[in-house]
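Residues per chain, in single letters:
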Amino acid sequence: MKHRILSLVVIFIFALLQLCVFPVITLIPITPNLLVGAASAFAIMKGPREGILVGLICGITVDVFSGNIPGTYMLIYCVTGFIVGHFNKLFFPEEVVLPLGGMALGDIIYGVFIYLAFFLVRGNLNFGEYFLMIIIPEAVYTLVCMLLFYPIILGIEQRFTEREKGNARKYI
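The structure displayed is predicted, hence computed values, not measured ones.

Peer 1: Help me get a handle on the environment of V10, residues and values and all.
Peer 2: When you line up the elements, V10 lands in helix 1 (residues 2–21). Residue V10 is classed as buried on the basis of its relative accessible area of 11%. Put simply, V10 and I134 are 124 residues apart on the chain and 26 Å apart in space, counted from C-alpha to C-alpha. What V10 contacts, discounting residues up to four positions off in sequence, is F42, I153 and I156.

Peer 1: Before we move on, can you summarise the nonpolar core with the specific residues and values?
Peer 2: One finds F14, L35, Y77 and I153 to be the most contacted residues of the largest nonpolar core, which totals 38 residues. Listed by contribution, the elements that provide at least two residues to this core are helix 1, helix 2 (34–46), helix 3 (48–66), helix 4 (72–85), helix 5 (97–120) and helix 6 (127–170). Examining the composition of this core, we find that nine residues originate from one element, helix 2, more than from any other. L35 has contacts with I11, F14, A15, Q18, C58, V62 and Y77, leaving out every residue within four places of it along the chain.

Peer 1: Now, about helix 3: what can you tell me, with residues and values included?
Peer 2: The end-to-end C-alpha separation of helix 3 is 26 Å, in line with the 27 Å expected for 19 residues at 1.5 Å each. All of the buried residues in helix 3 are E50, G51, V54, G55, C58, G59, T61, V62 and D63. Looking at the buried residues of helix 3, the elements they touch are helix 1, helix 2 and helix 4.

Peer 1: Residues and numbers for the side chain of D63, please.
Peer 2: On the secondary structure map, D63 appears in helix 3. Salt bridges are absent for the buried D63, whose nearest opposite-charge side chain, R122, sits at 13 Å. Polar contacts involving the side chain of D63 include one to the main-chain amide nitrogen of G71, which spans 3.0 Å. A polar contact of 3.3 Å, which involves the side chain of D63, links it to the backbone nitrogen of Y73. With residues near it in sequence (within four places) discarded, D63 still touches I69, P70, G71, T72, Y73 and M74.

Peer 1: So what's going on with the packing of aromatic side chains? Residues and values would help.
Peer 2: As enumerated under the stated definition, the model contains nine aromatic pairs in all. Ring centres of Y77 and Y110 lie 5.4 Å apart, and the angle between their planes is 55 degrees; on these two criteria the pair is classed as tilted. Here Y77 is found in helix 4, whereas its partner Y110 is found in helix 5, with 33 residues between them in sequence. Pairing Y115 with F119 gives two aromatic rings, centres 6.4 Å apart and planes at 20 degrees, and the pair type is stacked. Here F119 and Y115 lie together in helix 5, a separation of four residues that amounts to about one turn. Here the aromatic residues Y115, F119, F127, Y130 and F131 are joined through ring pairs into a cluster of three or more.

Peer 1: How would you summarise the pattern of salt bridges if you had to cite specific residues and measurements?
Peer 2: All chains considered together, the criterion is met by two salt bridges. A salt bridge links E50 to R4; the nearest nitrogen and oxygen atoms lie 2.9 Å apart. Of the two residues, E50 sits in helix 3 while R4 sits in helix 1, which places them 46 residues apart along the sequence. A relative accessible area of 10% places E50 in the buried class. Here K46 makes a salt bridge to E157, at a shortest N to O gap of 3.0 Å. Separated by 111 residues along the polypeptide, K46 in helix 2 and E157 in helix 6 bring together distant segments of the chain. Overall, the relative accessible area of 34% leaves K46 in the partly exposed class. A relative accessible area of 5% places E157 in the buried class.

Thresholds applied
Residues numbered from 1 in each chain as written. Predicted model: local features only at pLDDT ≥ 70, side-chain atom pairs only at ≥ 80, totals over all residues. Heavy atoms only, no water. Helix = DSSP H or I, 4+ residues; strand = E, 2+ residues; numbered from the N terminus. Buried < 20%, exposed > 50% of the residue type's maximum accessible area, 1.4 Å probe, protein only. Contact = heavy atoms within 4.5 Å. Core = buried A, V, L, I, M, F, W, Y, C linked by side-chain atoms within 4.5 Å. Expected span 1.5 Å × (residues − 1). Lys, Arg positive; Asp, Glu negative; His and termini not counted. Salt bridge = Lys/Arg side-chain N within 4 Å of Asp/Glu carboxyl O. Polar contact = N/O pair within 3.5 Å; in protein donor to acceptor, adjacent residues only side chain to side chain. Phe/Tyr/Trp six-rings, centres within 6.5 Å; stacked < 30°, edge-to-face > 60°.

As structure tokens, this is what we get:
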């Protein structure tokens, strides 16, 4: 239970940073998508089920505070968490490349879905320009920011995993 509450606190902090702080301090007109990073990080560490759950919470948060069509971001974050969560079988806590690659992949998946949901529907067929000018820079910016935040998420996750294992040993 404490693990879930701490996950919600991390999501809340990332939502505040993404929706309130980073839009003010942008150097380029792109902001990092920390919630995709959080959903991808939890998905890689715990699997697709946790990715869907965290994606659901992140998506609802974005829908409530800045969503155009209710449920769109929720669906996009859930699908992103589900896809990235399948890399859980390859995850080792000591390795940083796979989680960061999963976060970049999650951001690219998110960008493609945003293009499909909001731009292609309106008749904007210039995907190449959108990919090079929006998706790739956002993925890189998210990756740089998650380089700072991922070790914190990993440390919290490992600490609670150790405590859960210790509590399980007490009752055996």
